[in-house]
Amino acid sequence: MRASKMGLAVLMGSAALAGLAQASTETQSAALARFASEQPQAHLRYDESGERIIQVWGRAFSSGQTAQDAAYAFVDQYADLFGVPAENLINTGAQDVRNGVFTVFYFDQFHDGLRVDESGMAVLVRSNDNGVVLVNADLRAIPEGFSTNPSIDEVAASRIVRASPGSTVSQCVPRVLTTGGPRPSGNASGAQDVPTRIA
């Protein structure tokens, strides 16, 4: 297994790395102030912790010549609201909604060329005026300086994830760490080498 994929698995599984870097928080705060000034008609919804924006809605708060242009314009202008640089959000598809009344554009989050598992954004564009009216996001702010080339081995990474309070990935770590490559010696999990979506 490639160490970079293991690094993202450890990042997503470790509670210790869940916080934002100071620089990211400052950028996010500036983006929030700018958004509030430019789009006073828009509304924001935060997650249960009150720290991550997970939804933006209201009268059109971004537009373009086409629905795709509007979705891209929102990402380019306001990705920092979510603590993620625009260049880390890649459009992976689109779908008509309500027989063409809306089009939703899907963006996946990437970091250093690797997809961040279960992180993405859906941008809903109204077709009659190409206005963005709803954005749902589940994005992860990657701490500044985080490397996708960890300096620890698979066994040590597995121990860290298992020791994290409330870790939900501890049961799948042996399978994740052994997928796509030779199994480390002493693996008692009996995990099979099957494809697993890691990042």
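Residues numbered from 1 in each chain as written. Predicted model: local features only at pLDDT ≥ 70, side-chain atom pairs only at ≥ 80, totals over all residues. Heavy atoms only, no water.

Draft legend 1. Structural context of helix α4 (residues 154-163). Among all positions of α4, only A157, S158 and V161 are buried. The buried side chains of α4 occupy one side of the element, clustering within an arc of 100° when seen end-on. Turned more than 90 degrees off the buried face of α4, the exposed positions are R159 and A163. (Buried < 20%, exposed > 50% of the residue type's maximum accessible area, 1.4 Å probe, protein only. Helix = DSSP H or I, 4+ residues; strand = E, 2+ residues; numbered from the N terminus. Arc of directions from axis to C-beta.)

Draft legend 2. Structural context of the pattern of salt bridges. Within the structure shown, the criterion is met by seven salt bridges. Of the charged contacts in the structure, one is a salt bridge between R115 and D117, with a shortest N-O distance of 3.5 Å. Like R115, the residue D117 is buried in the burial classification. Salt-bridge contacts for D129 lead to R126; the nearest nitrogen and oxygen are separated by 2.8 Å. Given a relative accessible area of 25%, R126 falls into the partly exposed group. (Salt bridge = Lys/Arg side-chain N within 4 Å of Asp/Glu carboxyl O.)

Draft legend 3. Expanded view of the pairing of strand β2 (residues 53-58). Pairing geometry for strand β1 (residues 42-46) and β2, over five bridges, is antiparallel. Its bridge partner lying in β2, R45 is registered against Q55. Hairpin connection between β1 and β2: a loop of six residues separates the two successive antiparallel strands, and G50 in this loop has a positive phi of roughly 80°. Pairing analysis gives three bridges linking β2 to strand β6 (residues 131-138), with the strands arranged antiparallel. Opposite Q55, over in β6, you have N136 as the bridge partner. (Pairing = 2+ DSSP bridges.)

Draft legend 4. Looking closely at the sheet that holds strand β3 (residues 89-97). Reading across from one edge, β1-β2-β6-β5-β4-β3 is the order of the six strands in this open sheet, with antiparallel pairing throughout. Each edge of the sheet is formed by a strand with only one pairing partner; in this case those strands are β1 and β3. Strand-to-strand twist of the sheet, defined as the mean angle between neighbouring strand axes without regard to direction, takes the value 20°. As judged from the eight bridges shared by β3 and strand β4 (residues 102-111), these two strands associate in the antiparallel manner. Residue V97 lies in a different strand from β4, and its bridge partner there is F102. (Axes fitted to C-alpha atoms, helices over the stretch in contact; angles between N-to-C directions.)

Draft legend 5. Main features of helix α3 (residues 67-78). Look at α3: 17 Å from first C-alpha to last across 12 residues, which is about the 16 Å you get at 1.5 Å a residue. Every buried residue belonging to α3 is among A67, A70, A71, F74, V75 and Y78, and all of these are buried. Mapping the buried residues of α3 onto a view down its axis gives an arc of 135°, with all of them on the same face. (Expected span 1.5 Å × (residues − 1).)

Draft legend 6. Broad picture of the packing of aromatic side chains. Inspection of every chain in the model, using the stated rule, returns six aromatic pairs. Look at Y72 and F107: their rings are 5.7 Å apart centre to centre, the planes differ by 70°, and that puts the pair in the edge-to-face class. Here Y72, found in helix α3, pairs with F107, found in strand β4; they are 35 residues apart in sequence, far enough to count as distant. Owing to a relative accessible area of 33%, Y72 belongs among the partly exposed residues under this scheme. The exposure class of F107 is buried, given its relative accessible area of 2%. On the basis of an interplanar angle of 50° and a centroid distance of 5.6 Å, the ring pair of F74 and Y78 is categorised as tilted. Taken together, the positions of F74 and Y78, both in helix α3 and four residues apart, correspond to about one turn of that helix. Like Y78, F74 is buried. In this structure an aromatic cluster arises from ring pairing among F35, F61, F74, Y78 and F82. (Phe/Tyr/Trp six-rings, centres within 6.5 Å; stacked < 30°, edge-to-face > 60°.)

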